[in-house]
Amino acid sequence: MTGIAVRRVLEWTARVLLLGVVAFWWGGYAATHLFSLAFPELLPPWDPTLGRLDADNEGTIANSVSAAGLACVTALALAAAAVSFRRSAGWIAVAGWAALTLTAAALTFEELAEFKDRGPISLFDQAGRTGLPWPVLVSPLVAVFVLAMWFFVRKGLSVRAARAPLTLGIACWVFVLVQEAIGRWMPTGGAVALGYVLEETAEFSGTLLIGLSAVGVLRNGRPPPYPLFGGRWRRSLVGSIAALAILGSLALAFLFRAPLIEAPAPYTRSGAFEVTLGRQEALVQEFRMPATPVQSLELLLFNCEWDGHGGAITVRVAPLDTLDRTLAEGSIEVPVGDCPRWKMIELQPPLTAAEGQPLAAQVAADVAPGAELGVGLTNGNRYEDGRLWINGELAWPDQNLEFVAYSTPEATLSKLAAIGRLLTTDPRWWLLVADAAVALTAIALIPLVLVESVRPGPPGFGLFAARRMGRQPPE
């Protein structure tokens with residue numbers, strides 16, 4: 001009786017822990033960031049709460065939860081490999097779980113040490129030398145891993161209840177690399193911010209699903225009351241797709257800000273550089289008014305000195321022939337440690353002028369005496385419709401401010417026309433729409449799958465079901 005009681009306590013603890021993690025990640029991380037993207041005026045992207053929940057930054061709450069999840073999966077996969085060896089499940093099963101152990105351990109190290117940036121294996125440096133996104137650089141290893149996992153699931157995984165979550169979990173992990181590669185070709189800040197949320201959530205989803213698969217092997221449990229690929233799963237999938245199609249259409253019409261002018265450096269950062277602005281120093285970027293009102297400008301700003309001072313960047317837009325007549329302006333704080341970071345500057349009022357009118361955006365630094373802030377610039381004529389002035393001096397003809405201009409979120413005809421131009425002239429946006437549709441469907445569906453897999457059922461029934469009366473649960 002004591003052993004059964006302890007086992008039940010452990011099972012309920014595992015259920016509660018998983019449900020708590022699901023609630024934190026999808027409610028605290030994913031929902032919060034998506035809300036900030038939809039309503040930046042209510043929850044600005046630079047809000048400290050979002051900073052603590054940024055899973056992409058080392059040491060934050062979300063990053064720690066992600067690393068802890070990967071560490072738990074490493075331990076569970078290692079235990080599954082040991083149990084498979086003890087049960088004489090075959091070398092394929094042992095090797096499969098061992099490979100997952102090594103993969104999860106490497107991802108745990110990556111999550112904690114950020115070895116892609118500063119470690120002994122700098123994938124970003126190698127990617128910069130080759131001009132390829134790092135997911136493409138490691139694609140041969142990924143192909144070998146996927147092939148090995150397919151062989152493992154088909155030939156070595158005898159516990160059927162573990163196959164579906166393992167397959168879906170590995171698919172989520174692979175999707176992270178696809179998301180990374182797509183994100184490198186979508187340099188605009190809103191798309192990048194959404195990509196980070198989708199990428200981190202897909203990685204965490206895969207981690208939890210692979211962990212559940214390992215638990216199923218450890219307990220040799222029966223299938224859950226509602227199989228992952230049964231009729232209930234199909235209904236949930238159809239419902240998720242339908243709900244996201246409706247909500248996505250409404251968000252596109254009433255919340256989405258279309259990029260009207262895009263002049264960021266390419267992914268490889270070739271030709272990118274920065275200029276530092278001190279007190280009473282400024283640069284001026286000439287541009288032409290697009291056909292749609294401009295709500296915000298996004299700039300790449302630098303404040304890398306941790307022992308330095310914070311400051312603010314102010315943008316004023318005026319007609320090129322009358323620079324003393326301000327049409328719109330906005331400013332944003334640049335705290336110490338932003339190195340570099342895209343910052344969205346809201347213009348008040350929204351910029352409206354005749355289409356094609358020459359305008360000038362003055363970017364000035366408001367800092368303490370002796371302090372400086374950096375602003376990203378590019379070579380290569382990233383924006384051919386305007387010249388760049390730095391502290392009153394005309395820059396080289398192929399140099400521009402690194403910036404993106406966004407439309408207002410309201411569903412106006414000009415904004416809808418701008419969205420239409422994006423879809424007809426830039427195939428990247430079709431790729432982004434397809435990528436976001438798959439990722440958001442997974443974000444909506446996987447929590448349901450996880451909750452269903454651990455919800456209490458009849459005695460001895462479920463993913464965490466124990467052996468009863470000495471009988472082995474059927475596969």
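Before any of the text, the structure's been laid out above.
Report on the accompanying structure. All values derive from a computational prediction rather than experimental measurement. (Residues numbered from 1 in each chain as written. Predicted model: local features only at pLDDT ≥ 70, side-chain atom pairs only at ≥ 80, totals over all residues. Heavy atoms only, no water.)

This next bit is on the overall build of the protein. Per the secondary structure count, the protein includes 13 helices and 13 strands. Among the 475 residues that make up the protein, the fraction classed as buried is 45%. Expressed as a percentage of contacts within the protein between residues at least 6 apart in sequence, the contacts between residues at least 24 apart total 79%. Of the accessible surface of the protein, which amounts to about 22,900 Å², a share of 65% is contributed by carbon and sulfur atoms. (Helix = DSSP H or I, 4+ residues; strand = E, 2+ residues; numbered from the N terminus. Buried < 20%, exposed > 50% of the residue type's maximum accessible area, 1.4 Å probe, protein only. Contact = heavy atoms within 4.5 Å. Areas by Shrake-Rupley, 256 points an atom, 1.4 Å probe, with all protein chains shown as cover.)

The next thing to look at is the state of the cysteines. All chains considered together, the criterion is met by one disulfide. Between cysteine 304 and cysteine 339 runs a disulfide, and the two sulfur atoms are separated by 1.9 Å. Between cysteine 304 and cysteine 339 the disulfide shows an S-S torsion of about 85°. By sign, it is right-handed. Pair noted here: cysteine 304 is in the loop between strand S4 (294–302) and strand S5 (311–319) and cysteine 339 is in the loop between strand S6 (328–334) and strand S7 (341–351), with a separation of 35 residues, a long-range link. (Disulfide = S-S within 2.5 Å.)

Our focus in this paragraph is the packing of aromatic side chains. Applying the stated rule across the entire model yields seven aromatic pairs. Their ring planes at 20° and their centres at 4.2 Å tell us that tryptophan 25 and phenylalanine 204 sit as a pair that is stacked. Residue tryptophan 25 is located in helix H1 (residues 2–38), and its partner phenylalanine 204 is located in helix H10 (residues 189–219); the two are separated by 179 residues in the primary sequence. Across this residue pair, the class does not change: tryptophan 25 and phenylalanine 204 are buried. A ring pair is formed by tyrosine 383 and phenylalanine 403, whose centres lie 5.7 Å apart and whose planes are at 80°; its orientation type is edge-to-face. One end of the pair, tyrosine 383, is in the loop between strand S9 (373–378) and strand S10 (388–390); the other, phenylalanine 403, is in strand S13 (residues 403–407), and 20 residues separate them in sequence. Clustering of aromatic rings is evident, with ring pairs tying together Phe24, Trp25, Trp26, Tyr29 and Phe204. (Phe/Tyr/Trp six-rings, centres within 6.5 Å; stacked < 30°, edge-to-face > 60°.)

The next point concerns helix H8 (residues 139–156). When the terminal C-alpha atoms of H8 are compared, their 24 Å separation across 18 residues agrees well with the 26 Å that a helix rising 1.5 Å per residue should span. When H8 is considered as a whole, its buried residues turn out to be Val142, Phe145, Met149, Phe152, Val153 and Gly156. On an axial view of H8, the arc spanned by its buried residues comes to 115°, and they lie on one face. Looking at H8, the residues exposed on the side facing more than 90 degrees away from the buried face are Pro140, Val144, Leu147, Arg154 and Lys155. (Expected span 1.5 Å × (residues − 1). Arc of directions from axis to C-beta.)

Structurally, leucine 34 can be placed in helix H1. For leucine 34, a relative accessible area of 27% corresponds to the partly exposed category. Sequence separation of leucine 34 and alanine 193 is 159 residues, and the distance between their C-alpha atoms is 9.2 Å. In this structure leucine 34 touches Leu194, Val197 and Leu440, once residues within four positions along its chain are discounted.

With that out of the way, let us pick up a nonpolar patch on the surface. Together, Trp91, Leu147, Trp150 and Phe151 line one region of the surface with nonpolar side chains, adding up to about 520 Å² of accessible area. Looking at which element gives the most residues to the nonpolar patch, the answer is H8, with three residues. Along the chain, leucine 147 falls in helix H8. (Patch = residues over 30% accessible without salt bridge, like charges linked within 9 Å, V, L, I, M, F, W, Y side chains within 5 Å. Salt bridge = Lys/Arg side-chain N within 4 Å of Asp/Glu carboxyl O.)

This paragraph deals with the pattern of salt bridges. Counting across every chain of the model gives three salt bridges. Across the pair glutamate 286 and arginine 387 runs a salt bridge, and its minimum N-O distance is 2.9 Å. Of this pair, glutamate 286 sits in strand S3 (residues 282–288) while arginine 387 sits in the loop between S9 and S10, and the two are 101 residues apart along the sequence. When its relative accessible area of 43% is taken as the criterion, arginine 387 is described as partly exposed. Among the salt bridges present, the one from glutamate 329 reaches arginine 316, with a minimum N-O distance of 3.4 Å. Here glutamate 329 is found in strand S6, whereas its partner arginine 316 is found in strand S5, with 13 residues between them in sequence. Residue class for glutamate 329 comes out partly exposed when judged on its relative accessible area of 35%. Using a relative accessible area of 34% as the deciding quantity, one classes arginine 316 as partly exposed.

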